[in-house]
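What follows is the residue order along each chain.
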Amino acid sequence: MKKLLILGAGTAGTMMAAKMRRNLDRDDWEITVVDQDDRHIYQPGLLFIPFSIYRTRDVIKPRSRYIPRGVDFITSEIDVIEPDRNRVRLSGGVELEYDFLVIATGSRIVPEETEGLTEEGWQETAFDFYTLDGAARLEGALEAWEGGRLVLNVVEMPIKCPIAPIEFVCLADWYLTEKGVRDKTEILYATPLEGAFTKPRASAMLGDILDKKNIKVEGLYSAGSVDGANGVLKSWDEREISYDLLVTIPTHMGSETIERSDMGDELSFVPTNKNTLQADGFENIFVLGDATDLPSSKAGSVAHFQGEVLEENLLRAIMGRPLVNEFDGHANCFIETGFGKAVLIDFNYDVEPLPGKYPVPGVGPLSLLGESEMNHWGKMAFRWIYWNMLLKGAEIPGVESRMSMAGKWS
Amino acid sequence: MGTTRIAGQEIEVNKDGFMSNPDQWSPEIAAELAREAGIDPLTDKHWQVIDFCRRDAADKGEAPGVRRITKNAGVSMKEMYQLFPRGPGILSAKISGLTKPKGCI
């Protein structure tokens with residue numbers, strides 16, 4: 001019996017298990033997935049919890065429910081990968097051998113990386129919304145909010161979902177307006193990027209949206225420390241920003257397993273071929289989703305597009321055939337901009353987001369790089385697509401893994 | 001893509017104004033690029049960073065991000081911001097004749 005081992009049962013790992021179970025003969029191939037717990041969180045939903053749009057129960061389901069039949073699911077912490085022995089050791093001492101390994105261990109926030117952030121004031125006046133706990137506590141803080149200065153800070157890149165900070169400040173603007181305290185609130189977005197987003201045209205467009213909402217942007221701002229007692233954020237170049245409420249998107253790192261296995265870069269992301277998704281230096285190891293060091297966005301849509309390429313390449317590797325250089329960095333994100341509207345962007349390694357219609361060129365119904373109510377409903381419908389199509393490794397009609405220029409104007 | 005004259009030499013640059021051919025780089029060009037960015041003169045500490053960036057990029061094919069530099073070049077994050085004010089990752093890459101580190105995408 002040959003063995004395919006998948007580490008991680010998040011978006012990427014779960015989807016890959018479904019795809020490979022369909023492809024590999026059950027008489028020849030055993031597929032095993034390992035994750036540390038049985039709690040799958042719909043991560044795009046975390047953004048909505050602080051604003052009471054989703055409750056925590058709306059974003060959690062058992063991982064095991066989405067592991068396809070014929071795939072073993074083991075709940076255990078993963079101690080270390082031993083690539084020279086084609087073996088993975090679990091925390092309890094169990095050893096799993098593999099012929100092929102897929103690393104889909106994701107990324108996590110590490111607020112401890114910023115001096116002072118998790119000390120005085122942590123989860124009193126400073127919160128994250130990238131964890132269930134953080135998002136739920138922030139909901140309480142926003143409920144009690146009466147006005148003051150709200151600062152959203154991205155500590156450093158890369159982060160999961162690079163548009164989440166923009167969505168957060170837009171939703172905060174809407175939420176506080178509804179609550180009647182927007183005029184008593186100053187909203188500031190402090191980012192290490194030059195402007196609102198990573199790509200110039202989208203950055204200009206989103207910058208305009210923020211400007212109209214009277215949300216200020218402090219660019220090229222790299223947070224070095226937090227003085228929680230006095231409510232002050234300090235950058236490495238000594239710019240101080242005072243806050244009444246700090247919403248932080250902390251440093252992101254890959255899994256501790258990667259660090260222990262000495263397979264990661266300085267942030268414990270796994271060096272990966274940006275087109276084939278093979279781990280650098282290991283022929284039988286592939287990496288998918290947030291765990292890679294690729295310059296693509298860390299997002300579910302990206303994992304989905306990578307998944308189609310990885311399915312092809314894993315089958316090729318198994319048959320000893322050359323890999324295809326296919327992944328183009330394609331990403332596709334809905335950006336919730338508040339008041340029931342959203343913007344949709346579609347881009348890759350080389351082509352920045354452009355205006356147009358999607359997924360049917362010239363028709364839509366979704367508008368690229370433009371605000372619309374239809375885009376908002378697209379974003380809301382995405383949760384259903386996530387649980388019912390994406391995790392099952394199904395193709396989403398009209399949405400291709402390679403980016404298309406049809407229906408866009410530059 | 002275009003060319004520009006730096007330190008008396010015709011140099012290939014990309015649309016962001018970064019050198020697109022690291023082989024054309026020289027210490028004189030580094031000094032000139034640094035002056036344009038308001039850094040003058042380049043100190044031993046600057047060179048420690050630039051040397052690491054050049055070596056690392058030759059090995060990895062791309063400019064290292066700030067985190068990678070502070071982990072390997074013997075300078076702290078604080079020093080990086082003193083040496084290359086505002087955008088230390090972008091500036092150290094630029095002066096080292098490399099394109100933007102991918103952490104900036």
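In this text the structure is predicted, and so the values were computed from the model without any measurement.

## As for the overall build of chain B
Part 1 of the reasoning: On a plain count of helices and strands, chain B comes out with 5 helices and 2 strands.
Part 2 of the reasoning: Starting at the N terminus and walking to the C terminus, you meet the elements of chain B as β-β-α-α-α-α-α.
Part 3 of the reasoning: Over its C-alpha trace chain B gives a radius of gyration of 13 Å, about what one expects of a compact globule, namely 13 Å for 105 residues.
Part 4 of the reasoning: Structurally, chain B occupies a C-alpha span of about 35 × 30 × 20 Å along its principal axes.
Part 5 of the reasoning: Here chain B, with 105 residues, has 44% of them falling under the buried criterion.

## With respect to the interface of chain A and chain B
Part 1 of the reasoning: At the interface, 19 residues of chain A touch 13 residues of chain B.
Part 2 of the reasoning: The contact between chain A and chain B buries some 1600 Å² in all, and 51% of this surface belongs to carbon and sulfur atoms.
Part 3 of the reasoning: Looking only at chain A, the three residues that lose the most surface to chain B are A:Trp236, A:Glu266 and A:Pro295, adding up to 40% of its buried area.
Part 4 of the reasoning: Counting across the interface, chain A meets chain B through 5 salt bridges.
Part 5 of the reasoning: The residue A:Glu156 makes a salt bridge to B:Arg67 at a minimum N-O spacing of 2.8 Å.
Part 6 of the reasoning: The tally of links between chain A and chain B comes to 5 residue pairs in polar contact (both at pLDDT 80 or more).
Part 7 of the reasoning: Along the lines of polarity and charge, the residues of the side of chain A that touches chain B split into 6 nonpolar, 4 polar and 9 charged.

## Some remarks on helix 6 (residues 300–318) of chain A
All names here are of chain A.
Part 1 of the reasoning: With 19 residues, helix 6 should reach 27 Å at 1.5 Å per residue; the first-to-last C-alpha distance of 26 Å fits that figure.
Part 2 of the reasoning: Largest kink in helix 6: about 25°, centred on glycine 307.
Part 3 of the reasoning: Across the 19 residues of helix 6, 15 count as buried, placing the element largely inside the fold.
Part 4 of the reasoning: Two residues or fewer after helix 6 comes glycine 320, characterised by a positive phi angle close to 75°.

## Remarks on the packing of helix 1 (residues 11–23) of chain A against helix 6 of chain A
Residue and element names in this part refer to chain A.
Part 1 of the reasoning: The geometry of helix 1 relative to helix 6 is characterised by a closest axis approach of 10 Å and an angle of 35° between their N-to-C directions. Relative to helix 6, helix 1 is oriented so that their crossing is right-handed. Together, Thr11, Ala12, Met15, Met16, Lys19, Met20 and Asn23 of helix 1 and Gly300, Ala303, His304, Gly307, Glu308, Leu310, Glu311, Leu314 and Leu315 of helix 6 make up the contact between the two elements.
Part 2 of the reasoning: Within the contact of helix 1 with helix 6, the residues separate by chemical class into 8 nonpolar, 5 polar and 3 charged.

## Re the nonpolar core
Part 1 of the reasoning: Core analysis: the biggest nonpolar cluster contains 100 residues, and A:Leu4, A:Phe129 and A:Phe168 have the highest contact counts within it.
Part 2 of the reasoning: With 9 residues, the top contributor of residues to this core is helix 3 (residues 164–179) of chain A.
Part 3 of the reasoning: Among the nonpolar cores identified, the runner-up in size contains 30 residues, and B:Ile6, B:Ile11, B:Ile39 and B:Ala63 belong to it.

## Details of the domain arrangement of chain A
Residue and element names in this part refer to chain A.
Part 1 of the reasoning: What the domain assignment reports for chain A is domain 1 (2–106 + 255–318), domain 2 (111–252) and domain 3 (331–390).
Part 2 of the reasoning: If you average the C-alpha positions of domain 1 and of domain 3, the two centres end up 26 Å apart.
Part 3 of the reasoning: Both sides together, the interface formed by domain 1 and domain 3 hides about 1700 Å², and carbon and sulfur atoms give 68% of it.
Part 4 of the reasoning: The largest share of the area that domain 1 buries against domain 3 comes from Tyr42, Phe48 and Tyr54, three residues that together contribute 30% of it.

## Notes on the confidence of the model for chain B
Part 1 of the reasoning: For chain B, per-residue confidence averages 90 on the pLDDT scale, and residues scoring 70 or more make up 96% of the total.
Part 2 of the reasoning: This complex was scored by the predictor with a pTM of 0.92 and an ipTM of 0.79.

## Side note on the environment of A:Asp208
Part 1 of the reasoning: Structurally, A:Asp208 can be placed in helix 4 (residues 200–212).
Part 2 of the reasoning: Distance in space between the C-alpha atoms of A:Asp208 and A:Lys160 is 23 Å, their sequence separation being 48 residues.

## Here we look at the environment of B:Pro27
Part 1 of the reasoning: Position of B:Pro27 among the secondary structure elements: in helix 1 (residues 27–36).
Part 2 of the reasoning: For the pair B:Pro27 and B:Leu42, spaced 15 residues apart in sequence, the C-alpha separation works out to 10.0 Å.

## As for the sheet that holds strand 14 (residues 215–218) of chain A
Residue and element names in this part refer to chain A.
Part 1 of the reasoning: Judged by pairing direction, the sheet is parallel, and its 5 strands sit side by side in the order 11-18-12-13-14 without closing on themselves. In this open sheet, the two edge strands, each paired with only one partner strand, are strand 11 (126–127) and strand 14.
Part 2 of the reasoning: Here strand 11 runs beside strand 18 (residues 245–249); their pairing, made up of 2 bridges, is parallel. Within strand 18, the residue paired with phenylalanine 127 across the bridge is valine 247.
Part 3 of the reasoning: Here helix 3 sits on the sheet and contacts strand 12 (148–154), strand 13 (185–190), strand 14 and strand 18; the angle it forms with strand 13, its principal contact strand, is near 175°.

## Overview of the pattern of salt bridges
Part 1 of the reasoning: Taken as a whole and judged by the stated rule, the model has 27 salt bridges over all chains.
Part 2 of the reasoning: The partner of A:Glu238 in a salt bridge is B:Lys78, with the nearest N and O atoms 3.1 Å apart. One end of the pair, A:Glu238, is in the loop between strand 16 (232–235) and strand 17 (240–242); the other, B:Lys78, is in helix 4 (residues 77–83), on a second chain.
Part 3 of the reasoning: Classification of A:Glu238 by relative accessible area gives exposed; the value is 56%.

## Regarding unusual backbone geometry
Part 1 of the reasoning: A cis amide bond links A:Gly364 with the next residue in sequence, A:Pro365, at an omega value of 15°.
Part 2 of the reasoning: Mapped onto the secondary structure, A:Pro365 falls in strand 24 (residues 364–368).
Part 3 of the reasoning: Omega for the peptide link from B:Asp40 to B:Pro41 comes to 0°, which places this bond in the cis form.
Part 4 of the reasoning: At A:Leu369, a position not held by glycine, the phi torsion is positive, near 50°.
Part 5 of the reasoning: Relative to the elements of secondary structure, A:Leu369 occurs in the loop between strand 24 and strand 25 (371–372).

## Comments concerning the pairing of strand 14 of chain A
All names here are of chain A.
Part 1 of the reasoning: Where strand 13 lies against strand 14, 4 bridges are found, and the strand directions are parallel. Each bridged residue has a counterpart across the sheet, and for leucine 188 the counterpart in strand 14 is lysine 216.
Part 2 of the reasoning: In the classification by handedness, the crossover that spans strand 13, the intervening helix 4 and the parallel strand 14 is right-handed.

## Some thoughts on the side chain of A:Ser301
Part 1 of the reasoning: Looking at where A:Ser301 falls in the secondary structure, it is placed in helix 6.
Part 2 of the reasoning: Here A:Ser301 is in contact with A:Ala331 and A:Asn332, once residues within four sequence places are set aside.

## Observations regarding the packing of helix 3 of chain A against helix 4 of chain A
Relative orientation and spacing of two packed helices are given, respectively, by the angle between their axes and the distance between those axes.
Residues and elements named next belong to chain A.
Part 1 of the reasoning: In the contact formed by helix 3 and helix 4, the axes pass within 10 Å of each other and the chain directions differ by 20°. The angle between the axes of helix 3 and helix 4 places the two elements in the roughly parallel class. For the element pair helix 3 and helix 4, the recorded crossing hand is left-handed. Where helix 3 approaches helix 4, its residues Ile166, Val169 and Cys170 are matched on the opposing element by Leu206, Ile209 and Leu210.
Part 2 of the reasoning: Here the contact of helix 3 with helix 4 is built from residues that sort into 6 nonpolar, no polar and no charged.

Rules used in this analysis
Residues numbered from 1 in each chain as written. Chains lettered and ligands numbered in written order. Predicted model: local features only at pLDDT ≥ 70, side-chain atom pairs only at ≥ 80, totals over all residues. Heavy atoms only, no water. Helix = DSSP H or I, 4+ residues; strand = E, 2+ residues; numbered from the N terminus. Rg over C-alpha atoms; globule rule 2.2 N^0.38 Å. Buried < 20%, exposed > 50% of the residue type's maximum accessible area, 1.4 Å probe, protein only. Contact = heavy atoms within 4.5 Å. Buried area = accessible area lost by both parts, 1.4 Å probe. Salt bridge = Lys/Arg side-chain N within 4 Å of Asp/Glu carboxyl O. Polar contact = N/O pair within 3.5 Å; in protein donor to acceptor, adjacent residues only side chain to side chain. Nonpolar A, V, L, I, M, F, W, Y, C, P; charged D, E, K, R; others polar. Expected span 1.5 Å × (residues − 1). Bend = angle between axes of the 7 residues up to and from the residue. Axes fitted to C-alpha atoms, helices over the stretch in contact; angles between N-to-C directions. Left-handed = near helix turned anticlockwise from the far one by under 90°. Core = buried A, V, L, I, M, F, W, Y, C linked by side-chain atoms within 4.5 Å. Domains from an automatic or database assignment. pLDDT = per-residue confidence, 0-100. Pairing = 2+ DSSP bridges. Right-handed = clockwise from strand over helix to strand, strands pointing away. Parallel < 35°, antiparallel > 145°, perpendicular 65-115°, else oblique.

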